[in-house]
Structure formats: structure tokens, C-alpha cells
2 protein chains.
Amino acid sequence: MSKRVLIIGGVAGGASTAARVRRIDEFAEIIMFEKGPFVSFSNCALPFHLSGVVAEADDLVLMSPEVFHKQYNITAKVNHEVIAIHPEEKKITVKNVLTGETMDEEYDELVLSPGANPILPKSIKGIGSDHVFTVRNVPDIDAIKHYIDDNNIKDVAVVGAGFIGIEVAENLQMAGKNVTIIEAANQVMAPFDYDMAQILHKEIIDNDVDLVLEDGVKEIFSDKVVLESGKEIPAKAVIMAIGVTPELTLAKSAGLEIGETGGIKVNHHYLTSKPHIYAVGDVIETTHFITQKPTRLTLAGPAQRQARAAADHMYGKTYRNTGVIGSSVIQCFGMNAASTGLNEKDCQREGIAYQTAYVIPKDRVGLMPNAKPLFFKLIFADPSGQILGAQAMGQGNVDKRIDVIAAMIMNHANIEDLKELELSYSPMFGTAKDVVNMAALVAMNVLNGEYKQVPVTKIRELVEKDAFIIDAREPNEYAEGHIVNAVSIPFSEFRQRLDEIPTNRPVYVHCLSSQRSYNMVKALQAHGFDNVYNLMGSFLGLCMYEYFNDQQTGRKPIVTNYRFDLL
Amino acid sequence: MSKRVLIIGGVAGGASTAARVRRIDEFAEIIMFEKGPFVSFSNCALPFHLSGVVAEADDLVLMSPEVFHKQYNITAKVNHEVIAIHPEEKKITVKNVLTGETMDEEYDELVLSPGANPILPKSIKGIGSDHVFTVRNVPDIDAIKHYIDDNNIKDVAVVGAGFIGIEVAENLQMAGKNVTIIEAANQVMAPFDYDMAQILHKEIIDNDVDLVLEDGVKEIFSDKVVLESGKEIPAKAVIMAIGVTPELTLAKSAGLEIGETGGIKVNHHYLTSKPHIYAVGDVIETTHFITQKPTRLTLAGPAQRQARAAADHMYGKTYRNTGVIGSSVIQCFGMNAASTGLNEKDCQREGIAYQTAYVIPKDRVGLMPNAKPLFFKLIFADPSGQILGAQAMGQGNVDKRIDVIAAMIMNHANIEDLKELELSYSPMFGTAKDVVNMAALVAMNVLNGEYKQVPVTKIRELVEKDAFIIDAREPNEYAEGHIVNAVSIPFSEFRQRLDEIPTNRPVYVHCLSSQRSYNMVKALQAHGFDNVYNLMGSFLGLCMYEYFNDQQTGRKPIVTNYRFDLL
């Protein structure tokens, strides 16, 4: 006899489970319950409706209940909310939200994929107002678009600067709105470290979006938002995107075990603590591939894999549960930003000893059109050299580099493997030694103690202490903008000017992107300078790192001129 | 005492060795001899000068001898040809090609990086004419450009359709020339299998370049090229790009061992058969990562890694010689094409049992602007599932997918690892289940015998035999173009129309890109149809595969209408 499979939630996790069950078992009875009016919509694409990139809200719906039925023989019951699970009886209680009618449904296997809810802190006064929105589903985004269009609203506040916050802000800006992003942390986009996030900060303010960091919303008025600092932000619509929390109502009432991170605890096969009840997607606690510790990750790719694994397990198929590494990419105006694995903050929190390599080569051969700097940071374990994570930003193909690193991480690869990695090359697409290979070479040198480096975050301190900083670029480059008290000793002249370099104090060297300074540091060591450091990121990295805070605080820049013309 | 390192050849391999030696040994004496007038030019970018994408020939030169000297303290002697090696005396004889003067130079370490010569078969009459060119260096490309411009030439023949031939043809076409490509094989671009190459064939003729396959040049006249077939091609300039052969003159006269593939034989450290003589780059025989057999590969990335390894070994640093996999990418008009590892032809030649998966999903979420089909073929070992190679073509980010596969291959990964690979996703950059994940899922099904498939190369035969082919797309899609004798049984209706499907003969199913047909094949099997096949590539793949030969031969297409509007 074929199974009766009931699925709670009809988006990424739910719909994927349903389709996979059907492929395994043509005769299973599959019913998917979704409390909203749509199943199978592209939640990741929701923000793009605000700019019209996705013209119609309906376009966001990938498959209707009718098509589910006709193609997959799957019953998708929209506007049906599951209000109780009865594990002992293998039953659920479902309420038709339009009629109020309730009914019980028996299952052989039950899958929970209810997702996560946007966080709406009750402590914020006015949070319940009609002009305060969240972005979770098609009706949400439709409501925002209509509200803004119908009321001809110009000023919008976006609270929270994660994926959704940034994408909403960008699409609203593209629609001609005055947008302010308010973020409680000291940076946007938590997957990135602070140094890399500065590049996004610059991109955001360069695109006329106001960015307020380290401040929270205290009260929402009809025409403004008042922050904890007392600052007032004009806003006739407010989008709350400070994060999500797993939708646990059903799970808790059914007595399912909840993990330490606040998601439903599942085993290797995505089975919850109760037999025949699976859970997948944003609602669960999963395991991190590197740390092997519980984590939560609200991304579509892992949800789809979890869905497949759960369906497989219902039919006795085993599964290699690799856990998650957290790979993601976002377009932030003209800047693409991708990351994978652990960042520095993660390593510090986990107590993992690590080092970093930061390189800023061109993303393709320099003489090709559209060759652009690619800001790339590699994080690797010390002393093993195991690759732990990477962050990449640039106008070009950053996702390629991050996906390669993701593949290396999931194969437990080392920086030595990365150095030897043979990637596809032609001048239009990359460089013979790709960005990732270069990062590995720097990483090998760092790990082998062949040279020392100072992170971009520490350069201001060095300048303020009047450290001896050598600018290894050519004089014409120096003239167009340099670190305020850097000494110009070009890489092309240093061997004749060694006597200008002190031996009794640390010497710091930079160039534009660290290629020349790297060579110069190595050479200076050979010439007996044993306290030489490369400035990571060099001048280009420094400009990107410093700019936003210079603009925000009005402080005196430590460069005589930003060289953003080189971007 | 510091070493005296002499380097023969000043492009990718030579210049990289020199720079690496300098980084290791600030006090080494490094002299690089180059018989041409330039060192360190971007040979991979040469073709782009023909269209003006690289405006000046000088732009192709990355570093002058002066800069080598000033920055790296490396002596780069251009116009200096090494005419003899005396291994016993650790000496070379060098001729200044401008003055004719010769001199002997002693070495501690010698590096051969003379590259490879374009093949110019003497059997072709007229091959020595002034209007016959090759593309090896800056003077070559400069000569072509001047000859064509100065003589206002319109008709150009490009002989050979590898990387250089295709890029030269494309850039000449962009410059407004009438270009004919003549290739002796039955396809362009040997790294691709015939089925994938058809996509490039279409792209080439769609861009008004004539393409003659399976024909050779018999005689070159001043205004035409006469082919073996008797066909005449108007051409007042001829670019020969049929391949290269290692420059072995010096190596042979010095008694260096030559490998079975015709390159200089080197050991793990790129040492030749004589002590203190290294060889790197296009001149050597290297080892294939997968087959572990000798091979030759004329690509810049491996050359740079070999250079580094050779330099390291001079200073006692060991190196993990991984061998090569052959990753490459090319832009062919609007189509990007990348590949890595072994193709089907390679596997057949090597006697490696393999299977393939062919998927054509969109390269990003379908509702995003510029979502385009990505043609992706994965080759994996049977029965191990080890990933052997991949080929990708499309208007979008094919290099990303190929680089991921390259990383998987070099980590000895399996299709099961690929299935679980967590890549960066957002709707602008990909799909939650990336192309490579999808290919792995199909591959797993094939390997597990969960369904059977027929390659796109066999569909014409099926049509001609009047096989039972089901078109699983919707009726409106069928109406706009379909396989001539396919029966329309949409995926959305098949469960009600099972009685229309025969049980006494094989049944072949396709849709647009195999997603629906895959589901339908699985379902039909469950309904007792045990002789059901999926048509790999489905309708889109078929159109791409058939079009070029249809056009060339004037044969009757097996589709009622090509659907290139869906590209």
C-alpha cells in the first residue's frame, strides 16, 4: 500500500519534498498544506518586485496548485493552516483559513517545512502600524508595492541590513525612493567581516541610500522613525528585515525537541524527535560542515537538499548528510558580494586558529575591457592550512571564485591544493593565475612564515603612530593619492635606496594591490630588514576600507586622495 | 655564493620562473634570453588586437626589459637567441640576432621555456607566401593587422578551429572581414565532444563566419585557398592555426630526452634528463591528473605553476606535482564555452568506462532578466561515479560551473559529492539547485540505473526509424515547433492518457530541457512501462545539435521549427 505523505508548508522545502516523493513513489498520496494563498513561490526573488525587475507579483509564483496537481498529482491546499499535530495518532488538524472549517488528516509520513517568521520586536513602539511591513511571501511584497505606489511614498526606512534588507533597499532605490537602512550592528551583511563590509558600505552610500549603523529603532511614527540615538529618519513606510526566527508553534505543541540554536532538532535523515515526522528548511537546526556544531541557516539550496534527503529516507534510501557551509551571494548595486564558510568573526567565536590572505588582483587580464579589481579574502586554519572560508567583492565574477572555494572546503582541501588548482582561463574570463590561486600563494607564504602582514584594519593606527610606511608604487601613482605620511620608495628604485629605510623600527610596505609590495617585502628581508610588513589590501584596499567611516564621521582621511577611479 | 640562473624564453614560463627565482633569492643573477623583440607579452590576448579590443599591439606587452631590470633586477635580453646548450660545461651559446654576434654564458641553473611553433605543413603549396601568417607573438599579430589594414583586405581564411583559430576568426569578423574557418576535423574546439561543438558551429555561422569542416588546405593562391575537396575559398590573407609543436631544436641538440608525446621529458620537479636543466611550458610533456599518462597541454596556467615549481626546486623546495586536467574557456561570439578534464573522446581512447549527464537548465532564476539556458554535460566514471570532466556552453557564467567541476576533479570527488555541493545562490546569479547539482542528480540516477537515456546524437536515427517519441511539453509549446513524428502527451496529462502509450516497443520521452521528461520517465516506469528512455538534451538540445548540419547539407530537419527564440 502506498504512503500518505502530508507536508506542512509549500515553498522551497515543502514543494521540493513533495516533488521528490512523487519521483520515488508514483502512487503515494501527497498533500501539501500552505496557510498562505500561494505555494512554490520564489522567496529569494521577492525584493526584485519592488523595482519592477520582476514586473508582476504573480511572476514570483513558480507553480500553481493546478499545475502541481496536473503534473505531479500532488494536492496543494493553499489557505489551509495546520493548527495541530497529533503524533501518537499520526494525524494533523487543518483549518481552512477562508471558511474557518477544520478537519483531521492522517499521515504515514509528515514533513514540517513552515519556514521562519520575520522578527518584529514588541519593544519598538508603533511596530504594529499599517505602514510597517515584512518580506516573507508574495502577499507581503505585493502589499509593500501597492502601499508605496498608491500613497506615492518617497521616504522609506529599511530596518536590518542582511540579504533581504539590502535587496529591498536597492530595489526601492531603483524605484526612485529615498531609502535609509538602519542596522544595529556595526556593519551590513553578517556573513562578511567588518573590513569587507566597508566596501559594501561605500557602495550603498555611493548609490544615495543612507546607511545608519550601530543604532536601533525606538519608535515608529507615521512619517518618521526615531532611533535609540535620538536620530530621526523620515519614513512613511518601514520595512522590517532584522532577521527571522523559526516558526515553532506547531513543533512545540507537538512536543518536538528544539535544538540549542532554536530550530527543530533533526537527525541525520531530517527526522525530528518523533517518528515519521520530518522537518526541513528554515525551521530546523542543522550542522555546520566545518565546526560540526549545530547552526541555523535560512538559505534555499540547503532546504532543497534537506527536502530530498527526507523524502529519500521515507523510502529507505540513505543519505550522506554533509551539513552546511553557508555559501551566499548578493548583488548590492554595482558590487557583487559572495562568501562561503567561516569568516574571521566565526573563527574567533569558535576558537579556531586562523590566518587570512587578502588580495586585490584584476578579475580578468588587465588589458581586456572591463577588467576590474576583485577584493578577495581567504581564511585558512593555522597551522593546518585547511581552507575555512572566503569573501569576495567586485564588479565582476565573484560568485565563481566563491563557488570554487566552497568546493574546496567541502572536499577538506588545503591552501596547497588551492595553489595548484587548474581553472579555466582565457583573458576575457580570468587570469592565468586566478585570484584564488594568488590568495593561496599568499596564504602559503603567511603560513610558512615567509613574510609578515598587517591587516587593513590596523593601518590607520600605524599612520597615527607615525609608523614608517613605504609606498612602493611609482611616483606618478603616489602623486595622485597616497597615505598621508607614507614615504615614496618605488619598487623600481628600492635597491638603490636601501639606506633610506630604517633598520631600527618596523617598516611597512604597500603598493596598489600588494603585488609589488609583496615582492619588495621579500627582497627587503633578504637585504637584512627583518622587521618588514606588507600592508594587506595596499592602497586600493585601504581606500575602500576607510572611505565610509571618513564620510560618516567627517574625520580627516589618512589618504591624500581616494583612488576610486581605479575601480 | 648566489646562483646564476639563465632562462631561455621570456613569455609565460620563462618570465614566471625569473620572477619566482628573484623572490626566493634576492641575490641570484637572472638572465632571460628571448629571440623575439618582446618579453612577457600576453600571448593569450594576441587575437584581440585584430578587432581593436586591444587597441595597440604594444598594450599586449605586459612588462618591458627595463621594468624587469628596475623592479626585479632581472636582465631580459631580447633579440637574443640561444643557439646551443653545453650541458657538460654548464654553458649556453647565445646569438644577438640583430648583430649576429655570439657569446657563451655559464649557468648554475638553466630553464628552457622556448614554447611551441605553429605547424605549417610543407605539403600545402603556397604555405610560404607573404600573405600566410601564424599567431605566436606580438610581431606576428602586428604583421597580420598591418597587412590586412594596409591592403584593405576583406576575405580572410583561418585554417584550424582551436582556441587561436576561433578567436582570430571572431576578432576579424568583428573588424568587418569576411572570414572562413577551415578545419580538418569534423568539429571545432577539440576539448569539446561533437555534440557540444555543434552549439559552437551554430554560433559561428549565425555570426556570418563560414565554417568548412572535414576539409584541408591543398594550395594557397594569392586570392584564394583551394581545399582538398576542390572547394575554393576566397582569401587574400591566410592565418594558419592548426596547432603547435614543441620547439625542440635546442633540446634535441643538447641531448635532452624527449617524451613519447613529443615534448621534453621532465621529472617531478620539471628537471630534464640533464642535471641543472629545467623545462617548463608548452615545450614539455606533462602528466594528466586523471589518466596519469604523459600528455601535452599548451595553456598559460599550468606553465606558470611549472615555472614556480622549477624555481622552487633550484632552492631545495619540494613541490606536489599534481599534473594537469586541461581546464579552458573561450568566448565564441555570444556563446561562452568552457571545459575541464576528460571528454567522451578521451575516455573512449583511454578505455575508461564512463557515463554522461546532459542538462540544460537556466543559468539563473528563470524570472530574472537575462536568465539563459546553460548547456552542461558531465562525464563521470562507471561504476565509481568519479567525476572525469565537464563541458558547458551558454551566454552566461559557464566558467563558474566548469571551475567548480575542475575543483571537484582535482579533489577526486564523486558525483555524490557534487550533488551535495553547497554553492552561493541568489536569483541574479544562479538557482538554488545549481546546474552542477542538477547534473549530479541526473548522473546519480543514471549510475543507479533508475532511468535510461538516449544521447542527443541518436535522436535523428530514432526519428528515421519512426520510434515512439513522446513530447511531454504543453500543447502550445508543441505547436510552436516539435520533432516531426513526436506524439504530444503533455506531462500535465499523461496519467489520463497512459493507454495511448505502447507497451510493446521502446518509448522515448522529451520536453524542452528534460526536467519534465525526467519526472515523466520515472512515473511511466512506475506505471509498468519498462522500456522508457529520456531523450538527453530534449527539444532545446536537439535543435542546437541538428541545426548546423541541417544548414550545411540542406537536409530535411527532424523538427518542424527550431526554437532558438528560447535561447
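All values reported here derive from a predicted model rather than from experimental measurement.

1. Re the overall build of chain A
When helices and strands are tallied, chain A shows 15 helices and 31 strands. The C-alpha atoms of chain A give 26 Å as radius of gyration, which agrees with the globular expectation for 567 residues (24 Å, within 12%). Taken along its principal axes, the extent of the C-alpha atoms in chain A is 90 × 55 × 40 Å. Out of the 567 residues in chain A, the part that is buried amounts to 62%.

2. Points about the pairing of strand β6 (residues 102-106) of chain A
Residues and elements named next belong to chain A. Judged from the five bridges that link them, strand β5 (residues 91-96) and β6 form a sheet pairing that is antiparallel. Within the sheet, the bridge partner assigned to Thr 93 lies in β6 and is Asp 104. Where β5 folds back on β6, the antiparallel hairpin that results is connected by five residues, among which Gly 100 adopts a positive phi of roughly 85 degrees.

3. Thoughts on the UniProt feature "domain: Rhodanese" (unreviewed entry) in chain A
Per the UniProt annotation, the sites labelled "domain: Rhodanese" (unreviewed entry) are residues 463-544 of chain A. The distance separating the terminal C-alpha atoms of residues 463-544 of chain A is 16 Å; by composition the span is 32% helix and 17% strand.

4. Observations concerning the relation of the copies chain B and chain A
The relation between the two copies of this chain is a rotation about an axis and a shift parallel to it. For the pair chain B and chain A, the relating rotation is 180 degrees, the translation along its axis is 0.0 Å, and the fit reaches an RMSD of 0.0 Å. In short, the pair behaves as if placed about a two-fold rotation axis. The residues that chain B uses at the interface reappear at the interface of chain A in 100% of cases, marking a shared surface.

5. What about helix α11 (residues 435-447) of chain B?
Residues and elements named next belong to chain B. Along its 13 residues, α11 runs 18 Å from first to last C-alpha, staying within 8% of the 18 Å computed at 1.5 Å per residue. Of all 13 residues in α11, eleven are buried, a share of seventy percent or more. Restricting attention to buried positions, one finds in α11 the residues Val 435, Val 436, Asn 437, Ala 439, Ala 440, Leu 441, Val 442, Ala 443, Met 444, Asn 445 and Val 446. Looking one or two places after α11, you find Gly 449, whose phi comes out positive at around 65 degrees.

6. Quick look at the sheet that holds strand β24 (residues 354-359) of chain A
All names here are of chain A. The five strands are arranged β22-β23-β26-β25-β24 in an open sheet whose pairing can be described as antiparallel. Both outer strands of the open sheet, β22 (328-332) and β24, are each paired with one neighbouring strand and no more. Across this sheet, the average inter-strand angle for adjacent strands is 10 degrees, counted without regard to direction. In terms of strand pairing, strand β25 (residues 374-381) meets strand β26 (residues 387-394) through seven bridges, oriented antiparallel. Note on β26: the bridge partner recorded for Phe 380 is Ile 387. This element, helix α11 (residues 435-447), spans β24 and β25 of the sheet and lies at about 45 degrees to β25.

7. Section: the sheet that holds strand β1 (residues 4-8) of chain B
All names here are of chain B. The strand order β3-β2-β1-β7-β19 describes an open sheet built from five strands, whose pairing is parallel. Because the sheet does not close on itself, it has two edges, and the strands there are β3 (75-78) and β19 (277-279). On average, adjacent strands in this sheet sit at an angle of 20 degrees to one another, irrespective of strand direction. Where β1 lies against strand β7 (residues 109-112), four bridges are found, and the strand directions are parallel. Among the inter-strand pairings, Leu 6 is bridged to a residue of β7, identified as Leu 110. In the packing of helix α1 (residues 12-24) onto the sheet, the strands contacted are β1, β2 (29-34) and β7, and the crossing angle to β2 comes to about 175 degrees.

8. A short note on the interface of chain B and chain A
Facing 87 residues of chain B, the contacting portion of chain A comprises 87 residues. A buried area of about 7,600 Å², summed over both sides, lies between chain B and chain A, and 54% of it is on carbon and sulfur atoms. Our enumeration of links across chain B and chain A arrives at eleven salt bridges. The partner of Lys400(A) in a salt bridge is Asp399(B), with the nearest N and O atoms 2.7 Å apart. Here chain B is connected to chain A by 30 residue pairs in polar contact (both at pLDDT 80 or more). When contributions to the side of chain B that touches chain A are tallied by element, the ones reaching two or more residues are α1, α2 (65-72), α7 (300-314), β22 (328-332), α9 (398-410), α10 (415-420), α11 and α14 (515-526) of chain B. Broken down by element, the residue count for the side of chain B that touches chain A peaks at nine residues, all from α9(B). Here the side of chain B that touches chain A is composed, by residue class, of 42 nonpolar, 20 polar and 25 charged.

9. Describing the environment of Ile483(A)
If you trace the backbone, Ile483(A) turns up in the loop between α13 (475-479) and β29 (487-488). Ile483(A) has contacts with Ile459(A), Val463(A), Ile469(A), His510(A), Leu535(A), Phe539(A), Leu542(A), Ile558(A) and Val559(A), leaving out every residue within four places of it along the chain.

10. Section: the domain arrangement of chain A
How big an interface is tends to be expressed through the accessible area that disappears when the partners come together. All names here are of chain A. Each assigned domain of chain A is listed with its residue range as follows: domain 1 (4-41 + 62-115 + 245-314), domain 2 (132-242), domain 3 (334-450) and domain 4 (453-566). Here domain 2 and domain 4 have C-alpha centroids that lie 36 Å from each other. Of the roughly 900 Å² buried between domain 2 and domain 4 on both sides combined, carbon and sulfur atoms contribute 71%. If you sort the residues of domain 2 by the area they bury against domain 4, Gln 198, Lys 202 and Ile 205 come out on top, with a joint share of 51%. Across the domain 2-domain 4 interface, the total number found is zero salt bridges. Our enumeration of links across domain 2 and domain 4 arrives at two residue pairs in polar contact (both at pLDDT 80 or more). At eight residues, the largest contribution of residues to the side of domain 2 that touches domain 4 is made by helix α5 (residues 194-206). Of the residues contributing to the side of domain 2 that touches domain 4, the split by class is five nonpolar, two polar and three charged.

11. As for the pattern of salt bridges
A side chain with one charge may pair with a side chain of the opposite charge, provided their charged atoms come close. All names here are of chain A. Under the criterion given, the structure shown has 71 salt bridges over all chains. Between Lys 377 and Asp 193 there is a salt bridge; the shortest N-O distance is 3.0 Å. Of this pair, Lys 377 sits in strand β25 while Asp 193 sits in the loop between β11 (178-182) and α5, placing them 184 residues apart in sequence. For the pair shown, Lys 377 and Asp 193 are each scored as buried. We note a salt bridge from Glu 420 to Lys 419, for which the minimum N-O separation is 2.9 Å. According to the relative accessible area criterion, Lys 419 is buried, its value standing at 8%.

12. Points about the packing of helix α9 (residues 398-410) of chain A against α9(B)
The geometry of α9(A) relative to α9(B) is characterised by a closest axis approach of 9 Å and an angle of 20 degrees between their N-to-C directions. Relative to α9(B), α9(A) is oriented roughly parallel. Crossing angle aside, the handedness with which α9(A) passes α9(B) is right-handed. Here α9(A) contributes Asp399(A), Lys400(A), Asp403(A), Val404(A), Ala407(A) and Met408(A) to the contact with α9(B), which in turn contributes Asp399(B), Lys400(B), Asp403(B), Val404(B), Ala407(B) and Met408(B).

13. Some remarks on the pairing of strand β25 (residues 374-381) of chain B
Residue and element names in this part refer to chain B. With eight of eight residues buried, β25 lies mostly within the body of the structure. The alternating pattern of β25 places Leu 374, Phe 376, Leu 378 and Phe 380 on one face and Phe 375, Lys 377, Ile 379 and Ala 381 on the opposite face, and all of these are buried. Once β25 ends, the chain turns through five residues before running back antiparallel as strand β26 (residues 387-394), passing Gly 385 with a positive phi of about 80 degrees.

14. Considerations on the packing of helix α5 (residues 194-206) of chain B against helix α15 (residues 538-553) of chain B
Residues and elements named next belong to chain B. With their axes 7 Å apart at the nearest point, α5 and α15 run at an angle of 55 degrees to one another. In terms of their interaxial angle, α5 and α15 are classed as oblique. By crossing handedness, the relation of α5 to α15 is classed as left-handed. Of the residues in α15, those in contact with Tyr 194, Asp 195, Gln 198, Ile 199, His 201, Lys 202, Ile 205 and Asp 206 of α5 are Met 544, Tyr 545, Tyr 547, Phe 548, Asn 549, Gln 551 and Gln 552. Residues of the contact of α5 with α15, tallied by class, amount to seven nonpolar, five polar and three charged.

15. Regarding the packing of aromatic side chains
Residues and elements named next belong to chain A. Under the definition given, this model contains 22 aromatic pairs over all chains. A centroid spacing of 6.3 Å and a plane angle of 45 degrees characterise the contact between Phe 68 and Tyr 72, whose relative ring orientation is tilted. Note that Phe 68 and Tyr 72 are positioned in helix α2 (residues 65-72) at a spacing of four residues, about one turn of the helix. In this structure, Phe 68 and Tyr 72 share a single accessibility class: buried. Their ring planes at 25 degrees and their centres at 5.2 Å tell us that Tyr 508 and Tyr 533 sit as a pair that is stacked. Of this pair, Tyr 508 sits in strand β30 (residues 507-510) while Tyr 533 sits in strand β31 (residues 532-535), and the two are 25 residues apart along the sequence.

Reading the values: the criteria
Residues numbered from 1 in each chain as written. Chains lettered and ligands numbered in written order. Predicted model: local features only at pLDDT ≥ 70, side-chain atom pairs only at ≥ 80, totals over all residues. Heavy atoms only, no water. Helix = DSSP H or I, 4+ residues; strand = E, 2+ residues; numbered from the N terminus. Rg over C-alpha atoms; globule rule 2.2 N^0.38 Å. Buried < 20%, exposed > 50% of the residue type's maximum accessible area, 1.4 Å probe, protein only. Pairing = 2+ DSSP bridges. UniProt positions renumbered as here; feature names shortened; annotations may be inferred. Least-squares fit on C-alpha atoms with pLDDT ≥ 70 in both. Contact = heavy atoms within 4.5 Å. Expected span 1.5 Å × (residues − 1). Axes fitted to C-alpha atoms, helices over the stretch in contact; angles between N-to-C directions. Buried area = accessible area lost by both parts, 1.4 Å probe. Salt bridge = Lys/Arg side-chain N within 4 Å of Asp/Glu carboxyl O. Polar contact = N/O pair within 3.5 Å; in protein donor to acceptor, adjacent residues only side chain to side chain. Nonpolar A, V, L, I, M, F, W, Y, C, P; charged D, E, K, R; others polar. Domains from an automatic or database assignment. Parallel < 35°, antiparallel > 145°, perpendicular 65-115°, else oblique. Left-handed = near helix turned anticlockwise from the far one by under 90°. Phe/Tyr/Trp six-rings, centres within 6.5 Å; stacked < 30°, edge-to-face > 60°.

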